[in-house]
Amino acid sequence: MYGGRMLFQRYARLWIGLFLIGLILSPAQTHAMNDNQGSIQQGDALKQAQALSQTVDRLYQHVLEGNTNLVQKDLVEVNSLFENAELQKLTTVEGIHALSETIIEMKEAVARVQLDPEDWLTASAKLRMAADSLYNTKQPLWLQYHKLIREELSLMKAETQKGSPLGVKQAYERLQDHYEVIRPAVIIQRKPADVTMIDSWLSYAGGLVNAVSPQSAQIQSMIGQGEEMFNGLFGKKKDYPAMAPLDQVDGTWPWVLWAGAFIVIMLAYTAYRKYRGEQDGYKKVAPKWKG
């Protein structure tokens, strides 16, 4: 009997202790602990991304040197880092998919029987931009391509003014090549809507410059839209062109129109209520006759 009472007291003290711990660890503190754990996990992911970026940089240098043996060795290490890392904490599903595609493209370039230096260089450059953008969020390498793309847009404009369709087409193709190198990095760091907008513009521009009889006015307008879009993509300007082809516009504009209409209606209703209030506030006063 005495042993049962002692056992009961021990369990009682245990439950009271757990209850007090629950009171001490308030929801806010628990949330802070979860945030701290999440920060630690993201910090580990950043370290893994840094290791991946450094390995890819080394691979890129070996490609420039033409050292195929070291390139293959680096690629094995890149593949291992990618498979074992928790990089999904640093980007979207689309971003991870884009990074994966650059690794696959590099593998395919290395696996080809006939070595193509240009193919190796392009694939390694895309992989380098993508890996860097995953780790380097503030000043990634791909932002340096803004100058190249801006120069090609300026050349397109100049060739259009000179009436040279071939010059416009060549400048457009170079611009497209530049963008293809940084596109995986863009997917990793930018919103899907931004990537879709640029892809749509490139498709629209390609149709214009490759037309049998290209229209100068349309090409000039298209170039202006491209300048605005790329400025926004590279963080040089926030606003996108007001007039753009429908396939370049995302789904947010109807909500903007509805919001504007709602505000106008509310202002009109408020003015009406104020007017009625003033009318009701006037009291009729009988005239005072002097006797």
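Here, every reference points to the structure presented above.
The following paragraphs examine the structure supplied in this document. (Residues numbered from 1 in each chain as written. Predicted model: local features only at pLDDT ≥ 70, side-chain atom pairs only at ≥ 80, totals over all residues. Heavy atoms only, no water.)

### Focus: the layout of surface pockets
Right, so step 1: When its volume is computed, the second largest pocket comes out at roughly 160 Å³.
Right, so step 2: What lines the second largest pocket is Tyr60, Glu118, Leu121, Thr122, Ala125, Tyr145 and Val181.
Right, so step 3: By residue number, the principal contributor to the lining of the second largest pocket is helix α5 (residues 117-135), which donates four residues.
Right, so step 4: Split into classes, the residues belonging to the lining of the second largest pocket amount to five nonpolar, one polar and one charged. (1 Å grid on protein atoms, 1.4 Å probe; cavity = no way out; pocket = protein on both sides within 12 Å on 5 of 7 lines; lining within 4 Å. Points joined across faces, edges and corners; volume = space filled by probe spheres on them. Helix = DSSP H or I, 4+ residues; strand = E, 2+ residues; numbered from the N terminus. Nonpolar A, V, L, I, M, F, W, Y, C, P; charged D, E, K, R; others polar.)

### What about the nonpolar core?
Generally speaking, soluble globular proteins have nonpolar side chains that are buried together.
Right, so step 1: One finds Met156, Tyr179, Trp201, Met222 and Phe230 to be the most contacted residues of the largest nonpolar core, which totals 35 residues.
Right, so step 2: Mapped onto this core, the elements with two or more residues apiece are α5, α6 (145-162), α7 (165-189), α8 (192-209) and α9 (216-233).
Right, so step 3: Considering every element that reaches this core, the biggest residue donor is α7, with 10 residues.
Right, so step 4: Not counting residues up to four positions away in its chain, the partners in contact with phenylalanine 230 are His146, Ile149, Leu153, Leu175, Tyr179, Ile198 and Trp201.
Right, so step 5: Val71, Ala85, Ala109 and Ala123 belong to the second largest nonpolar core, which has 26 residues in total. (Core = buried A, V, L, I, M, F, W, Y, C linked by side-chain atoms within 4.5 Å. Buried < 20%, exposed > 50% of the residue type's maximum accessible area, 1.4 Å probe, protein only. Contact = heavy atoms within 4.5 Å.)

### As for a negative patch on the surface
Right, so step 1: On the surface, Asp116, Glu118, Glu173, Asp177 and Glu180 cluster together into a patch of negative charge.
Right, so step 2: The dominant element in the negative patch, judged by the number of residues it contributes, is α7, at three residues.
Right, so step 3: As for its position among the elements, aspartate 116 is in the loop between α4 (93-111) and α5. (Patch = residues over 30% accessible without salt bridge, like charges linked within 9 Å, V, L, I, M, F, W, Y side chains within 5 Å. Areas by Shrake-Rupley, 256 points an atom, 1.4 Å probe, with all protein chains shown as cover. Salt bridge = Lys/Arg side-chain N within 4 Å of Asp/Glu carboxyl O. Lys, Arg positive; Asp, Glu negative; His and termini not counted. Charge placed at Lys NZ, Arg CZ, Asp CG, Glu CD.)

Nothing here speaks to function; it is all geometry.
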